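A look at the structure
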Amino acid sequence: MRTFWKRLTGALVPAVLAVPAAEAEPLIWGIQVEQAEYRVDEGSDVAAWDFDVLAGSDELKVVWRSEGEYATGEEAFETLENQLRLQTPVTDFFDAVAGVRLDTPKGPNRLHGVIGLHGLTRQWFEVDADLFVSDHPSFRFEVEYEGLITNRIVFVPSIEIDLPFTDDAAAGQGAFGPTLEVGGRISYDLVDRLVSPYVGVHYERKFGETADLARADGEEAGTVFFVIGTRFMF
């Protein structure tokens with residue numbers, strides 16, 4: 001879950017010592033790697049990552065989010081996405097986000113504006129809902145949950161749906177042909193949740209015209225991966 005922050009208060013920054021404590025705004029910062037993993041199937045193995053780097057305050061944070069998939073057999077990126085986002089609270093449990101997203105791996109580069117919501121629902125489901133605005137707009141919805149099996153063993157199911165609104169053959173997307181990703185990972189917390197190796201299963205399935213474009217390119221519309229990786233934060 002993307003909820004780990006570190007704080008630097010005025011007591012740790014000499015330049016802030018002259019400012020009254022009530023006026024010193026704490027700095028929140030952190031790096032959280034949700035996935036750093038190797039995915040194995042019968043066709044093409046994939047190295048994948050998903051991480052956030054952030055800095056700011058309780059009221060406004062700057063977040064760099066990066067996600068990518070690198071096919072080791074083809075020695076090429078399947079996906080590569082970087083976002084720069086501003087994040088500010090709108091309720092006790094949800095933040096509004098706005099920024100830009102750059103896609104670079106397949107076809108011409110794509111630059112999108114990003115607006116969305118990020119936060120925790122009841123029962124502590126983590127939700128991301130983002131609208132990407134460009135010549136090829138799309139919508140992404142992600143849900144993740146951390147279920148404690150023991151104090152150290154955690155089961156993390158996740159669902160992600162990407163829905164393109166227009167045809168983009170160069171990027172392998174057909175209008176309203178969603179891509180579904182479903183995962184289940186079991187991790188073991190080695191160091192107070194700072195380092196958590198895991199194993200699991202990751203399933204990807206394309207639908208509609210997006211699936212047709214994948215088949216025309218010699219790819220399967222659906223793939224199951226066994227994964228091994230680690231989560232860590234600092």
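Residues numbered from 1 in each chain as written. Predicted model: local features only at pLDDT ≥ 70, side-chain atom pairs only at ≥ 80, totals over all residues. Heavy atoms only, no water.

Attention now moves to the packing of aromatic side chains. Enumeration over the complete set of coordinates arrives at 7 aromatic pairs. Consider the rings of Phe51 and Trp64, whose centres lie 5.1 Å apart with planes at 90°: the pair is edge-to-face. Here Phe51 is found in strand β3 (residues 46-56), whereas its partner Trp64 is found in strand β4 (residues 61-71), with 13 residues between them in sequence. On the basis of relative accessible area, Phe51 is assigned to the buried category, the value being 17%. (Phe/Tyr/Trp six-rings, centres within 6.5 Å; stacked < 30°, edge-to-face > 60°. Helix = DSSP H or I, 4+ residues; strand = E, 2+ residues; numbered from the N terminus. Buried < 20%, exposed > 50% of the residue type's maximum accessible area, 1.4 Å probe, protein only.)

As a further point, take unusual backbone geometry. Of note in this structure, Gln123 is not a glycine but carries a positive phi near 70°. Of note, Gln123 is situated in the loop between β7 (110-120) and β8 (126-133). The phi angle at Trp124 is positive, at roughly 65°, despite the residue not being glycine. Inspection of the secondary structure assignment puts Trp124 in the loop between β7 and β8.

Counting 5 residues, the largest nonpolar core consists of Val46, Ala48, Tyr198, Phe225 and Val227. Contact partners of Val227, with chain neighbours within four places excluded, come to Glu37, Tyr38, Arg39, Arg185, Tyr198, Val199, Gly200, Val201 and His202. (Core = buried A, V, L, I, M, F, W, Y, C linked by side-chain atoms within 4.5 Å. Contact = heavy atoms within 4.5 Å.)

Moving on: the pairing of β7. Here strand β6 (residues 94-103) runs beside β7; their pairing, made up of 10 bridges, is antiparallel. Considered in β7, the bridge of Val100 is made with Gly113. Between β6 and β7, which pair antiparallel and follow one another directly, the connecting turn spans 6 residues, one of which, Gly107, has a positive phi of 70°. Here β7 runs beside β8; their pairing, made up of 8 bridges, is antiparallel. Note that in β8 the partner of Gly119 across the bridge is Val127. Connecting β7 to the antiparallel partner β8 that follows it, the hairpin turn spans 5 residues, and Gln123 within it adopts a positive phi of roughly 70°. (Pairing = 2+ DSSP bridges.)

The next subject is the pattern of salt bridges. Any two side chains of opposite charge can pair, given that their charged atoms come close. One pass over the full model with this rule turns up 17 salt bridges. When the shortest N-O distance is used, the salt bridge between Arg101 and Asp103 registers 2.6 Å. Of the two residues, Arg101 and Asp103, neither departs from the other in class, the shared state being buried. Here Asp212 and Arg215 are joined by a salt bridge, their closest N and O atoms 3.3 Å apart. Of this pair, Asp212 and Arg215 both sit in helix α1 (residues 208-216), separated by 3 residues, roughly a single helical turn. Where salt bridges share partners, they join Glu67, Glu81, Arg101, Asp103, Arg140, Glu160 and Asp162 into one cluster. (Salt bridge = Lys/Arg side-chain N within 4 Å of Asp/Glu carboxyl O.)

The subject of this paragraph is empty space enclosed by the protein. According to the stated counting rule, one finds 2 cavities of 30 Å³ or more in the structure shown. For the largest cavity, the calculated volume is near 80 Å³. Taken together, Glu34, Gln35, Glu144, Val156, Ser158, Arg185, Ser187, Tyr198 and Arg231 make up the full set of residues lining the largest cavity. Elements represented by at least two residues in the lining of the largest cavity include exactly β2 (27-40), β11 (153-164) and β12 (179-188). Taken together, the residues of the lining of the largest cavity sort by class into 2 nonpolar, 3 polar and 4 charged. (1 Å grid on protein atoms, 1.4 Å probe; cavity = no way out; pocket = protein on both sides within 12 Å on 5 of 7 lines; lining within 4 Å. Points joined across faces, edges and corners; volume = space filled by probe spheres on them. Nonpolar A, V, L, I, M, F, W, Y, C, P; charged D, E, K, R; others polar.)

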